[in-house]
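# Structural features, examined
Here is what each chain is made of, one letter per residue.
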Amino acid sequence: MSMRVGLGFDLHRLEEGRPCVLGGVTLPHPTGPAGHSDGDAVLHALTDAVTGAAGLDDIGTLFPDDDPRWKDADSAALFGEAIRLVHAAGWALVNLDVVIATEGPRIKPHRPAMRARIAELAGVDAGAVNVKGKTLEGMGALAGGAGVAVQAVCLLESV
Ligand code: MG
């Protein structure tokens, strides 16, 4: 059996009046990730982690936003398609782990819902998905709720 690790990263500004969709869950917060579609930086980072581990192209190449199939597509649909491609390439998901760095929405109260939703989309048990929130200690361009940065890793095993 062989194993592969994958790393993903994403960054979005948080803007007034946008729905705050992170990890496939809509959080009650006055700002949300900017970007086309829902701007779900968690699912974007996870998409790059799983496709990266499988040796596939990155999110922007697989799902170009000038392709009518993916224009304004729900990030959950992109992540679901990435999981399908990973399976088709002969890999099974072992686990996913995510760090969400933001001073916008509080992450901790929503960890169980995010873990459950990501697990549902990935077709694994919620125990194989973890999500942590971090503040930025008031430092840098994302401080004060200006944005959200996400790191994601995944482990795949050959089937
Ligand atoms: Mg993104």
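Rules behind the numbers
Residues numbered from 1 in each chain as written. Predicted model: local features only at pLDDT ≥ 70, side-chain atom pairs only at ≥ 80, totals over all residues. Heavy atoms only, no water. Salt bridge = Lys/Arg side-chain N within 4 Å of Asp/Glu carboxyl O. Helix = DSSP H or I, 4+ residues; strand = E, 2+ residues; numbered from the N terminus. Buried < 20%, exposed > 50% of the residue type's maximum accessible area, 1.4 Å probe, protein only. Phe/Tyr/Trp six-rings, centres within 6.5 Å; stacked < 30°, edge-to-face > 60°. Donors = N, O, S within 2.8 Å, 3.2 Å for Na, K, Ca; no water. Polar contact = N/O pair within 3.5 Å; in protein donor to acceptor, adjacent residues only side chain to side chain. Contact = heavy atoms within 4.5 Å. Patch = residues over 30% accessible without salt bridge, like charges linked within 9 Å, V, L, I, M, F, W, Y side chains within 5 Å. Areas by Shrake-Rupley, 256 points an atom, 1.4 Å probe, with all protein chains shown as cover. Axes fitted to C-alpha atoms, helices over the stretch in contact; angles between N-to-C directions. Parallel < 35°, antiparallel > 145°, perpendicular 65-115°, else oblique.

## Some words on the pattern of salt bridges
Two side chains bearing opposite charge may form a pair once their charged atoms approach each other closely. Summed over the entire model, instances satisfying the criterion amount to four salt bridges. We note a salt bridge from Lys 132 to Asp 97, for which the minimum N-O separation is 2.5 Å. Residue Lys 132 is located in strand β6 (residues 129–134), and its partner Asp 97 is located in strand β5 (residues 91–102); the two are separated by 35 residues in the primary sequence. Residue class for Lys 132 comes out partly exposed when judged on its relative accessible area of 29%. We classify Asp 97 as partly exposed; its relative accessible area is 24%.

## Examining the packing of aromatic side chains
Under the criterion given, the structure shown has one aromatic pair. Residues Phe 63 and Trp 70 carry aromatic rings whose centres are separated by 4.7 Å and whose planes lie at 75° to one another, so their mutual orientation is edge-to-face. Neither Phe 63 nor Trp 70 differs from the other in exposure class; each is buried.

## What about the coordination of the magnesium ion?
Four donors placed tetrahedrally around a metal ideally meet at 109.5 degrees, and six donors placed octahedrally ideally meet at 90 or 180 degrees. Taken together, Asp 10 (OD), His 12 (NE2) and His 44 (ND1) make up the protein donors of the magnesium ion, found 2.1 to 2.2 Å from the metal. Sequence positions of the donors to the magnesium ion reduce to the motif D-x1-H-x31-H. With Asp 10 in strand β1 (residues 3–16) and His 44 in helix α1 (residues 41–53), this residue pair connects regions lying 34 residues apart in the sequence. Here Asp 10 falls in the buried class, since its relative accessible area comes to 16%.

## Thoughts on the side chain of Thr 51
Along the polypeptide, Thr 51 turns up in helix α1. Classification of Thr 51 as buried rests on a relative accessible area of 0%. Polar side-chain contacts of Thr 51 include one of 3.3 Å to the backbone oxygen of Asp 57. Non-local contacts of Thr 51, meaning those with residues more than four positions away in its chain, are made with Leu 56, Asp 57, Asp 58, Leu 62, Ala 82 and Val 86.

## Observations concerning a nonpolar patch on the surface
A grouping of Val 5, Leu 7 and Val 153 is seen on the molecular surface, where their side chains present a nonpolar patch of about 290 Å² in accessible area. Turning to its location among the elements, Val 153 is positioned in strand β7 (residues 147–158).

## Some thoughts on the packing of helix α3 (residues 75–88) against helix α4 (residues 111–122)
Any two packed helices are characterised by the angle at which their axes cross and by the distance between the axes. Interhelical geometry of α3 versus α4 gives an angle of 45° and a closest axis separation of 9 Å. Between α3 and α4, the crossing angle belongs to the class labelled oblique. Judged by residue contacts, Ala 76, Phe 79 and Ile 83 of α3 engage Arg 117, Ile 118, Leu 121 and Ala 122 from α4.

All quantities given are derived from atomic positions and should not be read as evidence of function.
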